[in-house]
Structures are given as structure tokens and as C-alpha cells.
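# Fold and geometry: a report
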Amino acid sequence: MKAFNDLADFSTDEIRALIALAGRLDAHPEPDALKGKVLSLLFLSPSLRTLASFQAAMTRLGGGSFVISPEMSIHGIESRPGIVMDGAAAEHIREAIPVIASYGDAIGIRAFAERKNLEHDMAEVEFHAMTDLIDTPYINMESAMNHPCQSLADWKTLDDLAIPANGGKFVLSWAYHPKALPLAVPAATLHMAAHRGMDVTVLRPEGFELPDQLMKKAAAAAEAAGGSITETDDRTAAMQDAHVIYAKSWSSTRHYGGRLADQKLREEHLDWCVDEPWFDNAKDDCRFMHCLPVRRGVVVADNILDGPRSVVIAEARNRMLAQMAVLHQMLGGSR
Ligand code: CP
């Protein structure tokens, strides 16, 4: 495997093989599988789970890893092409990325969206500018519009819970959050559930529609897998017979990059906090999923997070197992 950048690059059989490998490595540890291998981890955006789970994954497979982030004593990093570097940053990604990559056998990169211009972010300009500089195998640890590691772990979590692929109803719901957040997780989650063959409903207020390009890509994946995609702002209709609700806040696509207009619109929807009444007409055992971090009492009520519906801790642990499978295949543990 040369790149783990988008779950859409993999067939259903390939994803199922990765998930089976993740389960096998959990049940039957292979502490020498990646002995002597090094994973470089570049975090240009913050993290708890991704950082810790990649380090744990490499350690459990017998390899090592190192982390570079702007919070460390690096020299300030510039990414704009053709810039005269007479400001604070003393290092350009054109040197930094190949240097960091050269110390490892694979590199993981996290760089969130700029969130100024939707087309720019949809094109993954910054992420490609970095991966184009290297030949080293790379892993997308969350870019402007994707989070494939989260999605692989979430697919495994759905399998672990025996939530049906075909015939399973998956509600991806916008939730209130005081800040305009990136589209990476909703984009990746939408595609994951569609690719798995589920009947997916995107539940969101007006002004928070996901970009047409993402909806079309997911619709094609759903059709190929025997599922479907619908979109609504009607909570009762969306939650009817749902097996799972996946909550996430994201930026207004109507006001993308417009901080004040986005804030004004989102503040009309302070009641979009998942709570027990949301589940009134869902399946009795309808589950609550979230990638974390999550704001208690804002995105979701405490009683949901602390109750039997919530599978957020299982999702987070599956991050480590799913990434162990990716690393095992990428770095030759499977040979
Ligand atoms: N879900 C997720 O990617 O968490 P972090 O941002 O903490 O890595």
C-alpha cells in the first residue's frame, strides 16, 4: 500500500480485509511485525486520538515513531508557494516535508482545512502540495476534506455492533457547536456509510448542506453497494427506524469562510444538541456515534454520552486497531 488517503480508493473487499486484519492483530498480537520500522508523524493541526493511537499502533507492532508539530521548537513553517520568507517562519514545507519523510519508512500528515474558500479546500491544495514532495508511503491523518483513519475505525465499529450494512439506517446529523468546524469528518463519514451499503440520511438545517460534489460521490458509492442517500432538515423523518446517529458539527456551506454570517446562522440552531427525545421513533437500540472530541451539553447531552447508546470509546479504540492494520499492510508486516 503506497497511500492511505481516501477510503474510496479501496474496494469493499479490501476494506473488509483491513478490518479483519485489525481484529486479528487485536486477538493475536504481533509485537515484531514492524521491528525496525519508523513512522514519521507530522501534525500541523491539533490531536489527541490520532497522535496517541498512531504511536501506540507502531509500538504494539514493534516499530517506532516520532512526532513533529508547530507547537514544538521548530522554526515556524511556511506552506505558500513562491513566498519571500521575511516573516516569522524560517522553514518551508518544500524542505521540511522531504526531510521528515526521509527519517521514516512512512509518513502520516495532519493538516486541517484553511476554511476560506470551499473550492480550494475541496481540491485539497495544501495536502497535495505536501504529498507531491515525497515518494514515501503516506497516511492522511485528516486533511481538508477527508479523515480515512476515522472512517475505517467507524466501519469496524459498525461491524463490531452487527449493525446491518445493507438495510441499516445511518443518520449523519449536524449538531450545534460554537465554532465553524471543518467538513473532513462529515465528508469521510458520509462516504464510509454509503460505501458500506447503508441507507444514509444527512440531517442538517438549511444553510449546512454538504457540497454537491460530496453528495454525488456518496450517492454513486451507495448505488454501487446497494444503499441510498437522502437529505433533510426534518429530525423526526430522519430518525425513523434509525440504527445509528452519527453527530458532527460543520461549517455552513452557504457562508463558507464568512465567520460572522456562519456564526449568525448556527446560533439559530442552538437546540441541535442530541438528546433522548431525538430517539423517540428510532430503533430501540439506536446507537450514538461521534469521532471525538465532543462538547458535552452542546453537541450531545451527558445522559446519551454516558448511557448505553454511546459507542464513542469503542470508536476511539478502533482507531488504534484500524491503523495497526493499515501500517501492517503499508510497511510489510503482511508479507
Ligand atoms: N477523532 C480524531 O481524529 O480525534 P483527534 O482530533 O483528537 O485526533
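Described below are features of the structure shown in this document. (Residues numbered from 1 in each chain as written. Predicted model: local features only at pLDDT ≥ 70, side-chain atom pairs only at ≥ 80, totals over all residues. Heavy atoms only, no water.)

What follows deals with the pairing of strand S2 (residues 38–43). Among the six residues of S2, five are classified as buried, and the element is accordingly described as predominantly covered. In this structure, S2 lies alongside strand S3 (residues 64–68), joined through five bridges in parallel fashion. In the strand pairing of S3, Leu-42 is matched with Ile-68. Handedness of the crossover joining S2 and S3 through helix H2 (residues 49–60) is recorded here as right-handed. Direction of pairing for S2 relative to strand S6 (residues 106–110): parallel, over a ladder of five bridges. When the sheet's bridge partners are listed, Ser-40 is paired in S6 with Ile-107. (Buried < 20%, exposed > 50% of the residue type's maximum accessible area, 1.4 Å probe, protein only. Helix = DSSP H or I, 4+ residues; strand = E, 2+ residues; numbered from the N terminus. Pairing = 2+ DSSP bridges. Right-handed = clockwise from strand over helix to strand, strands pointing away.)

Looking now at the packing of helix H1 (residues 12–27) against helix H6 (residues 148–160). Remark: H1 packs on H6, axes separated minimally by 10 Å, with the N-to-C direction vectors making an angle of 75°. As summarised for this structure, H1 and H6 are arranged roughly perpendicular, according to the angle between their axes. In contact with Thr-12, Ile-15, Arg-16, Leu-18, Ile-19, Ala-22 and Gly-23 of H1, H6 contributes Leu-152, Trp-155, Lys-156 and Asp-159. Classifying every residue of the contact of H1 with H6 by side-chain character gives six nonpolar, two polar and three charged. (Axes fitted to C-alpha atoms, helices over the stretch in contact; angles between N-to-C directions. Parallel < 35°, antiparallel > 145°, perpendicular 65-115°, else oblique. Contact = heavy atoms within 4.5 Å. Nonpolar A, V, L, I, M, F, W, Y, C, P; charged D, E, K, R; others polar.)

A few words on the site of the ligand. Near the ligand the following residues occur: Ser-47, Leu-48, Arg-49, Thr-50, Arg-110, His-147, Gln-150, Cys-291, Leu-292 and Arg-319. For the ligand, an oxygen atom lies 2.7 Å from a polar atom in the backbone of Leu-48. With respect to the ligand, the side chain of Gln-150 contributes an N or O atom lying 3.0 Å from a nitrogen atom. When isolated, the ligand has an accessible area of 250 Å², and the protein chains bury 93% of it. (Near = heavy atom within 4 Å. Polar contact = N/O pair within 3.5 Å; in protein donor to acceptor, adjacent residues only side chain to side chain. Areas by Shrake-Rupley, 256 points an atom, 1.4 Å probe, with all protein chains shown as cover.)

This next bit is on the side chain of Asn-140. Structurally, Asn-140 is set in strand S7 (residues 138–140). You can call Asn-140 buried: its relative accessible area is 0%. Discounting chain neighbours no more than four positions away, the residues touching Asn-140 are Phe-4, Asn-5, Ile-109, Phe-127, Asn-146, Pro-148 and Cys-149.

On to the nonpolar core, then. Residues Phe-4, Ile-139, Leu-152, Phe-170, Phe-279, Phe-288 and Leu-327 are the most contacted members of the largest nonpolar core, which totals 94 residues. It is helix H12 (residues 312–330) that contributes the most residues to this core, ten residues altogether. Discounting residues that sit within four places of it in the chain, Leu-152 has contacts with Phe-4, Leu-7, Ile-15, Leu-18, Ile-19, Ala-322 and Val-326. Ranked by size, the runner-up nonpolar core spans 13 residues in total, among them Leu-42, Ile-100, Ile-109 and Met-130. (Core = buried A, V, L, I, M, F, W, Y, C linked by side-chain atoms within 4.5 Å.)

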